[in-house]
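Below, each chain spelled out in residue letters.
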Amino acid sequence: DIEAVNERVYHTVNNGVYKAGFATAQDKYEEAYFELFRSLDWLEDRLSTQRYLVGHRLTEADWRLFTTLIRFDVVYFSHFKCNRQRIADFPALSAYVRDLYQVAGVAETVDLEQIKRHYYVSQRTINPTQVVPVGPKVELDAPHGREALS
């Protein structure tokens, strides 16, 4: 199960945001965009009934997805034009991100301002002005309520 989830997540979510963001043709962008959101919808459904991606405990699959989801609203939504909806607009996915973020030791490894600066300043082909957006504000410390799904 972990391998199957990782395979889909990698191709359509982790790499999907990059396929959309760096697309140089409309059809390639749209293909990646729609694949990405099909998978985010699938993940939302899956995480609506279970706490973690593969059963009732954290696995590699969760951490692989987390790295993309934690960056999504502050970078991929606008910078990579993955703008159908934010992770904050998905009830289960947004609670899931907060759940993983609140695991002991994880918050200390996440610096959303640094993440934004890195993407918006280093990728001059996408953002030649290097202007870094002020928002959005992301509430990662809010209660997630996912322990009820354990």
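Refer to the structure printed above.
A brief look at the structure comes next.

A separate point is the nonpolar core. Judged by nonpolar contacts, the single largest core of 41 residues is most densely connected at Leu40, Leu53 and Phe72. Elements that contribute at least two residues to this core include exactly α1 (2–14), α2 (16–21), α3 (26–49), α4 (60–79), α5 (91–101) and α6 (112–122). Here this core gets nine residues from one element, more than from any other, and that element is α4. Residues within four places of Phe72 in sequence aside, it is in contact with Val17, Leu36, Phe37, Leu40, Phe77, Cys82, Gln85, Arg86 and Ile87.

Note that side chains of opposite charge can pair when their charged atoms are close. Per the counting criterion, the structure on display carries seven salt bridges. Here Arg38 and Glu35 are joined by a salt bridge, their closest N and O atoms 3.0 Å apart. Residue Arg38 and its partner Glu35 are located together in helix α3, separated by three residues, close to a single helical turn. The closest approach of N and O atoms between Asp89 and Arg86, which form a salt bridge, is 2.7 Å.

So, on to the side chain of His144. Mapping His144 onto the fold places it in the segment after α6. Judged by relative accessible area, which is 15%, His144 ranks as buried. A polar side-chain atom of His144 sits 3.0 Å from the main-chain amide nitrogen of Arg146. Non-local contacts of His144, meaning those with residues more than four positions away in its chain, are made with Arg51, Ala95, Arg98, Asp99 and Gln102.

Rules used in this analysis
Residues numbered from 1 in each chain as written. Predicted model: local features only at pLDDT ≥ 70, side-chain atom pairs only at ≥ 80, totals over all residues. Heavy atoms only, no water. Core = buried A, V, L, I, M, F, W, Y, C linked by side-chain atoms within 4.5 Å. Buried < 20%, exposed > 50% of the residue type's maximum accessible area, 1.4 Å probe, protein only. Helix = DSSP H or I, 4+ residues; strand = E, 2+ residues; numbered from the N terminus. Contact = heavy atoms within 4.5 Å. Salt bridge = Lys/Arg side-chain N within 4 Å of Asp/Glu carboxyl O. Polar contact = N/O pair within 3.5 Å; in protein donor to acceptor, adjacent residues only side chain to side chain.

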